[in-house]
Every structure is written in structure tokens, then in C-alpha cells.
Amino acid sequence: MLFNSIDFAIFLPIVFTLYWFVVQKNLKLQNLLIIVASYLFYGWWDYRFLSLIVFSSLLDYSIGLGLSKYEDKTKRKVLLLLSLFVNLGFLGFFKYYNFFLDNFIDAFSLFGSNISIQGLNIILPVGISFYTFQTLSYTIDVYREKLKPTEDILSFLAFVSFFPQLVAGPIERASNLLPQFYKKRRFVYSNAVDGMRQILWGLFKKVVVADNCATFANQIFDNYSEHSASTLVFGVLFFTFQIYGDFSGYSDIAIGTSRLFGFNLMRNFAFPYFSRDIAEFWRRWHISLSTWFRDYLYIPLGGSKGGLVKKIRNVFVIFLVSGFWHGANWTFIVWGFLNALYFIPIMLMKKNRVNTNDVAEGRLFPTFVEFRQIIFTFLLTMVAWVFFRAPTVTDALLYLKGLFSKSILTVPDNLINWLITLAFIFTLVFVEWLQRGKEHALELHDIKISSPLRWSFYILIFFTIFWYGGSQQDFIYFQF
Amino acid sequence: MRIFISNCFKYLGIFFLICLGSLLFNSILINYYGYKIVKDKNVLILGDSHTEYAIDDNIYNNSINLSHSADSYFYSYLKIRKLKKENPQIDTLLLALSNHNLLIEYEDKWLFNTSNIKSKLRVYADLMNFSDFLFLLKANPSAVIQGIIESPKYSIKLLIKGSLTERDLGSFQPSERNSLKKDLEQRKKNKKIRALEYSLIEINYLFKIIDFSIKNNIELIFISTPIHPEYKKSKEKEIQLLNNFYSSNLSQFNFFDYSEFDLADDYFQDLDHLNTIGAKLFTTHLMKEIKKNH
């Protein structure tokens, strides 16, 4: 079920009503309702893959209990490895089997031996990368004794399948989300209203900005060889805002929806396109994944401690794995590699933690230096997005080559058709710039605006979503 | 919780009030100026893009062309019903009848397709009675709701344009576009065959137009506008099906079939639509033919 669909617009009020008016007095029933609603939400795409979620959940629940019973290190390690093997095994099979097979065949053909192995027609279960990482965070934390294993199976099943964030995150840590299922939730008016605002802004980003940008980005990327350099620049620009609007929009809707049910999810995006360097960008983009890799991969590898070679190795590992997490294609690996290349000089100069505050804090406008830094970081990410979007590395390189021609100084043919979408991008940037110190762009509780004006603003956004929404597209991150 | 729920309902209430208010506003505006057409125009031309591009009512000066791209017979029926009521002088209806109009594929493409309902509802809502509205609502409720939500946008458009009489009901569209060559190449590559089955709904509305015309003493003339020989060649089975349908159901009415009208490529904008000079030539010829028949 898509957040931007009529199905979800019917589903959400029904679940909300049952949750707060029918089963509100019984915590177990509330959790059971969340499980049923989440399985229904997921099964709307493909009910066959529900068994995979149920299996992973039951396995990690049992492993958690097993870890609490055994004190013997070897047995505990075996249990952890079992969880890693099964969860990553599912992920590897569904997501990477054909990729490895194709590359295996290609590698052999380089040495002159042609082998013929038929690939499998595998459908990637929606959200597998997200819930696999979420459930793994539980077993790893229990193994590390940072978290007590749960005996409450309903809470655990609800934690793994919680519908607002099941298919595209934020990837929650068990230590943050699981305890919220143990306690009775309270309806807090201000949280619910703020949640609704966040949903509204998320829908604007997804339906108005991302879906409209998608149309143009697809047109340009699909026929990049026929376009002028200036058009190609707009193509990347549209994709840059498509992916941001799409994914951060999804996260906003997920977080907002959770707040309606009395849950607090972690922040996933913190206005990343206002970053002054690439390290800041990665602290602000897909925060739940970056911190997951930081805590479960980068730090165990040694992090930024140790010698120069080790430090550089660790940065490459984390960025390459992050790239590969996004998809079984060399383009994502190159995208990760490129980001590692951007990051390493900053790290070596020990400037990766310079920009930890909000840009232009307490000021309306950035300084010239800040502005220059923002633009430079933005351009670097745009170049990397070319690899993320292009179907192959060769296409990405040809696209980039196409940017370096005299036609960069020409006016793109379709500029007039893009004006409305460019106006929406401008609105997004403008509103988010004004609100960059907040959790999300429509956090308004400390701003004094009269009710009629505030309501007019909501209604204006609501109408804009309906009037100017692009053709309905799946969320990009579903494929990951 | 109570305040939250009540605010949600208030918000939705205001939202839908604005939508329904603008539907009403549009309707009042349109009715203020009415659907009156100049008294000496007694010929009404209805249909889809074929007649929209082919018949120039500036040349055929006792006619008014209200054809509109992708208009199904349902919308043509709504138009004739309202127009005749306000313009009793209408005594002739030229109605487009081409190989594609009755095909089942077009029932979905033109009648129940979401984007079509959305774009047509805001313009044609005023022509509908409750049962017409219910007919669309049953077929595609989400599209109808979206169409209602779009109506304030149309109100704003009407106000900004300042042309409050603008009804967008349809008109002759002169076209300088030239994509004949491209279409001919595409036709060679894409030989998709459409299902040779007619839509019962479209047939039903065609017969409603016929009944209405008979009851109101309107002479009904079917017209098939010129198409390119290559197009005709690829649609022979559809044309045959239409001819059979005409002979068995509509033969009491005149059918000006110009699907074989001999025109050079310069007169076409694409395979099945005329350009401005094509329309000029064809309209002049059509006027003569109609006069000859009267």
C-alpha cells in the first residue's frame, strides 16, 4: 500500500479509530492490531513475502531468548552468526543472487571460458533491506548486552513489522522502538497535530516535488545522448530533488503517521542539501542507515582510530557497503566509492566534524563562505547522483561527458515546461531554509501565526498536492 | 482527542466546502452568461478531435463546432441536451462517427480514465444531472472526487483569464502541427491491433443522442472526417465493423463518410487529423455537400 494512495487514505483512519477507540484499554490488543494492520499493509503488495517477515521475526525473537539463556561465549556467538547468516542470507539471495551470478559469468568469460548458468527470476521483496537491518540491530544489541531480550512476542512482531516504517524506514534501533511497544501509549494532541503537519509536508515533497521531477528526470536520463549539456544539468538537478523529495517525503510521512499512534521514530533527514561539506551531508542524509553502518560496521572495524591505511580502508568499506546496500548494480558501488573519495580528504584534514551545527544559525542568510560551501557540496552530490540514477556505469560516464560541451551555455528547449516544477523546487528549498533549525519543515508550534492563516496555509498545500501532483510513482527506496 | 478529531473533520469540511463552493461558483458563472449561441447558428457540430480539427466553423458560418478531444458520446449527449434547451434554433447535429468511437478500448480510455474524468468533470459538471454524476461516480469514484477537488483550480483559471464566459466546451482548433512523417514511421514499427469489440455504454449513449434528436426534430448527420490512406489501410477491419454497424443500426441517418477523401499529405497534421489548410479545404467541400443534400 502506498502512502500516496486512496487505499492508504482509507486504511489509516480505520486503523487509527480502532487503535484509539476500540482496543485502547488493552496494550496487547493494541500491539496485535498494529501487527494485523502492518501485515495487511505489507500484504497489499505481495502477501507471499509476509512469510519471510514472520520467519525472520520469529527467528530473531527465539535467538534473543536463546542469548538470554546462555552465558557461554561460543554458544552466544553461534546464535548471533545464525541470525546474521539467515537474515543476510535472505537479503543476499533475493537481492544479490543474479548480480553475483552475472559477474561470475563475466569474470570467467574474461579468461576465455564461457559458462552458461541460467539466472533465477527473483522478485525482490519490498523493504527487505530495511526490516532485515532493523531486526539485526536487535540481535546484535542483545548479543552485546546493550539491550535486554524481549519475552513479549507481540511487541517484537509489532516492532519488526510496524507499518509506517516497514518498507522504507527509518531503520529503527530496537533500543529506541521496541520499548515503546511495552508501554501504554498516550494520545498527545500536540504530537498528533505535529505528526499531521509532517505528513502533509511529506506528501508535498513526494507527490508535488518528487513525482513531477521524476517525469523530467526520466525523460532526460532515458535519452541523454540527444540532449544539450544545459538540459543534462537540469536532468541531474531534477533527479537530485526527486530522490530527496521521494525519500525524505516518505520518512516524513512515516514519522508523522507513527506520531498519530503515540510512537516516536528517529529523524532520518535533516535538510541535507544545506550541508557545508560532505561529512555534514552524511550526518544529515538517511541518518538511520548511516548511523546503523557507523555503529554496527564502522566502529567494530576500528572507526577513525588506528593508522592512516586502516582509517582509509574503513571509510571505503562503509561507503562501498552502503552503496551496495542500495542495489545490486555497479552504479551504486561507484556512487559509494565516489562519496568515499569526497569524504577522505576532509577526514585526513580532520575537518569532518567542523560543521556540526545548523548553517547560518541565528541568521537569515548564510555568509558568502557558507553559501560557497553549500553550493560546492551540492554540486558534488549532484555528480554522484548521476551514478545512482544511470542504468550502467558507462551511461553515467557518458552522461557526465555530455555535460562538458559548449551547449552548456544554451537555454534548454523545454525550460518553459519545467517552470512550474522549478517553482515547486524553489518553494521546497525556501520553506526548508526558513525552518532548517527544526525537526521538520512544518514544525510550527513556536511560531506565532493566527489560526486562519495557518489553516489557509495547510489548505493551500493540500490543494497543491491534488492539483499539481505528478503521476503516481512508487517510492524509489522501495526497490532497495 | 476530541479536539483533534473535530479539527480533522473541520479541516476536511472546509476543504470540501471550498471544492463544492467552486463547483457552484463555476456553475453560477457559466449560467449567468448561459449557453446561448448566436441565433443564426443552427448547426451544431459535436465529436472528438477528428471533428475538432477538421470543421472550421468560421467558414461554415451557420454552425458552431463544440467538438473536444477525447469526448465520448456520453459528453456529446450532455452537450446536445443542454444546448438544444437553450437554443431552440438548432435543427441539425453533425456528429463524429469514426472507426474508433465505439470501440471498447475507448470506453476505458475516454470515459472512465481518471485523467479524462478529472479534466472533463470541472468543465462539464454543470451539464450533468444527478444520475449522470452517479454514473461516473459508480464507474470511477476516485476520479470523480479528484475532479471535484480540481474545480477550484478551474474557478481560479476563469477568474485570472477574466473570460468568465469561457466554457471550454469545445471549439474548432486550427493546427499547424506536422507529425505525419513521424507517425508514418511509427505506424510501420507499431502494428498494434485493437480489440474489435464495441462498448455497450458508448452505443447506449449514441442511441440516447439519436432518441433526443428525433424527439426534438433535429436532423442528425454522422460524419467521418478524412484520414490518411496509410491509416485507413491499417484500420480496415475497424472501418468494416463500423460500416456493418451503420448499415444494421443507423442507416436511416445520413452518413458523410470522408474516410476515403482524396487529400495530399500537406493537408494532414498526422495520420487521422487535418491541419488548418486541410480543415479549410474540407469544410468548404462539406458545406457544398450538405447544401446539395438539402
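About the cut-offs
- Residues numbered from 1 in each chain as written.
- Chains lettered and ligands numbered in written order.
- Predicted model: local features only at pLDDT ≥ 70, side-chain atom pairs only at ≥ 80, totals over all residues.
- UniProt positions renumbered as here; feature names shortened; annotations may be inferred.
- Helix = DSSP H or I, 4+ residues; strand = E, 2+ residues; numbered from the N terminus.
- Rg over C-alpha atoms; globule rule 2.2 N^0.38 Å.
- Buried ≥ 20, exposed ≤ 12 C-beta atoms within 10 Å, placed from the backbone.
- Contact = placed C-beta atoms within 7 Å.
- Pairing = 2+ DSSP bridges.
- Axes fitted to C-alpha atoms, helices over the stretch in contact; angles between N-to-C directions.
- Domains from an automatic or database assignment.
- Nonpolar A, V, L, I, M, F, W, Y, C, P; charged D, E, K, R; others polar.
- Parallel < 35°, antiparallel > 145°, perpendicular 65-115°, else oblique.
- Core = buried A, V, L, I, M, F, W, Y, C linked by C-beta atoms within 7 Å.
- Left-handed = near helix turned anticlockwise from the far one by under 90°.

Looking at an unreviewed UniProt entry, one finds chain A named MBOAT family protein and attributed to Algibacter agarivorans. You can read under Subcellular location (unreviewed entry) in the UniProt record for chain A the words "Cell membrane". Listed under Sequence similarities (unreviewed entry) in UniProt, the entry text for chain A is "Belongs to the membrane-bound acyltransferase family."

A word on the overall build of chain A. Tallying secondary structure elements over chain A gives 17 helices and zero strands in all. For chain A, whose C-alpha radius of gyration is 23 Å, the value lies close to the compact-globule estimate of 23 Å for 480 residues. In terms of principal-axis extent, the alpha carbons of chain A reach across some 70 × 70 × 45 Å. Considering chain A as a whole, with its 480 residues, one finds that 41% of them fall into the buried category. Pairs at least 24 residues apart make up 75% of the contacts formed inside chain A by residues separated by at least 6 positions.

Helix and strand counts for chain B come out as 12 helices and five strands. Compactness check: chain B gives a C-alpha radius of gyration of 21 Å against a globular reference of 19 Å for 294 residues, within 12% of the reference. Here chain B holds 294 residues, and 38% of them are scored as buried. For chain B, the proportion of contacts with a sequence separation of at least 24, taken over those separated by at least 6, is 80%.

It is worth spelling out unusual backbone geometry at this point. All names here are of chain A. Phi at Phe 271 is positive, roughly 50°, even though this residue is not glycine. Residue placement: Phe 271 occurs in the loop between helix 9 (229-260) and helix 10 (278-284). By the C-beta count within 10 Å, which is 21 here, Phe 271 ends up buried. Phi angles above zero are rare outside glycine, and Lys 350 is one such case at about 55°. Mapped onto the elements of the fold, Lys 350 is located in the loop between helix 13 (330-348) and helix 14 (368-389). Of the residues examined, Lys 350 has 9 C-beta atoms within 10 Å and is grouped as exposed.

Sheets are built from strands paired through backbone hydrogen bonds, the pairs being either parallel or antiparallel. All names here are of chain B. One open sheet holds the five strands; their spatial order is 2-1-3-4-5, and the pairing between them is parallel. Each of the sheet's edge strands pairs with one partner strand only, and the pair in question is strand 2 (63-65) and strand 5 (254-257). Put simply, the sheet's adjacent strands are angled 20° from each other on average, direction ignored. Across five bridges, the pairing between strand 3 (residues 92-96) and strand 4 (residues 219-224) is parallel. Paired with Leu 93 across the two strands is Leu 220, which belongs to strand 4. Of the strands in this sheet, strand 1 (43-46) and strand 3 touch helix 3 (residues 73-86), which is tilted by about 160° from strand 1.

One frequent convention defines the size of an interface as the accessible area lost when the parts assemble. All names here are of chain A. Its domain assignment divides chain A into domain 1 (6-186) and domain 2 (190-276 + 355-479). Each of domain 1 and domain 2 has a C-alpha centre, and these two points are 29 Å apart. Facing the 17 residues of domain 1 at the interface are 16 residues of domain 2. Taken together, the elements giving at least two residues each to the side of domain 1 that touches domain 2 come down to helix 1 (6-22) and helix 7 (174-182). The dominant element in the side of domain 1 that touches domain 2, judged by the number of residues it contributes, is helix 1, at three residues. Of the residues assigned to the side of domain 1 that touches domain 2, the class counts are nine nonpolar, five polar and three charged.

Time to look at the packing of helix 3 (residues 50-69) of chain A against helix 4 (residues 73-110) of chain A. In a packed pair of helices, the relevant descriptors are the angle between the two axes and the axis-to-axis distance. All names here are of chain A. At a minimum axis separation of 9 Å, helix 3 and helix 4 run at an interaxial angle of 170°. Comparing the axis directions of helix 3 and helix 4 gives the class roughly antiparallel. Here Leu 52, Ser 56, Leu 59, Asp 60, Ile 63, Gly 66 and Leu 67 of helix 3 come into contact with helix 4, specifically with Arg 76, Leu 79, Leu 82, Ser 83, Val 86, Asn 87 and Phe 90. When grouped by side-chain class, the residues that make up the contact of helix 3 with helix 4 number eight nonpolar, four polar and two charged.

All names here are of chain A. Per the UniProt annotation, the sites labelled "transmembrane region" (unreviewed entry) are residues 6-22, 51-67, 79-99, 111-133, 369-388, 415-434 and 455-470. Spanning residues 415-434, this segment combines 100% helix with 0% strand, and its end C-alpha atoms are found 27 Å apart. Annotation note: span residues 455-470, helix share 88%, strand share 0%, distance between end C-alpha atoms 24 Å.

To continue, consider the interface of chain B and chain A. Chain B puts 12 residues into the contact, and the matching count from chain A is 12 residues. Put simply, the parts of the chain that give the side of chain B that touches chain A at least two residues each are helix 1 (2-33) and helix 7 (141-161) of chain B. Here the element with the most residues in the side of chain B that touches chain A is helix 7 of chain B; it accounts for six residues. Looking at the side of chain B that touches chain A residue by residue, the class counts come to eight nonpolar, two polar and two charged.

Within a regular strand, side chains alternate between the sheet's two faces. The pairing of strand 4 of chain B with strand 5 of chain B spans four bridges and is parallel. Opposite Ser224(B), over in strand 5 of chain B, you have Asp257(B) as the bridge partner.

Okay, the nonpolar core next. Grouped together as the largest cluster of nonpolar side chains are 115 residues, with contacts concentrated most on Phe159(A), Val209(A), Cys213(A), Ala217(A), Phe238(A) and Phe387(A). Of the residues that make up this core, three or more belong to each of domain 1 (6-186) and domain 2 (190-276 + 355-479) of chain A. Non-local contacts of Phe159(A), meaning those with residues more than four positions away in its chain, are made with Ala174(A), Leu177(A), Leu178(A) and Phe181(A). One finds Leu97(B), Tyr124(B), Ile148(B) and Phe172(B) within the second-largest nonpolar core, a separate group that totals 61 residues.

The subject of this paragraph is the environment of Phe387(A). Residue and element names in this part refer to chain A. Locating Phe 387 in the fold gives a position in helix 14. Overall, Phe 387 belongs to the buried group, with 26 C-beta atoms counted inside 10 Å. Linking Phe 387 and Tyr 244, residues 143 residues apart in sequence, is a C-alpha distance of 15 Å. Leaving out residues up to four positions away in the same chain, Phe 387 has contacts with Thr 331, Val 334, Trp 335, Leu 338, Val 393 and Ala 396.

Here we take up the packing of helix 11 (residues 287-301) of chain A against helix 12 (residues 308-326) of chain A. Residue and element names in this part refer to chain A. The interhelical angle for the contact between helix 11 and helix 12, taken along N-to-C directions, is 140°, at an axis separation of 10 Å. Judged by the inter-axis angle, helix 11 sits oblique to helix 12. In this structure, the crossing between helix 11 and helix 12 has a hand that is right-handed. The segment helix 11 lies against helix 12, with Leu 289, Phe 293, Leu 297, Tyr 298 and Leu 301 engaging Asn 314, Val 317, Ile 318, Val 321 and Ser 322.

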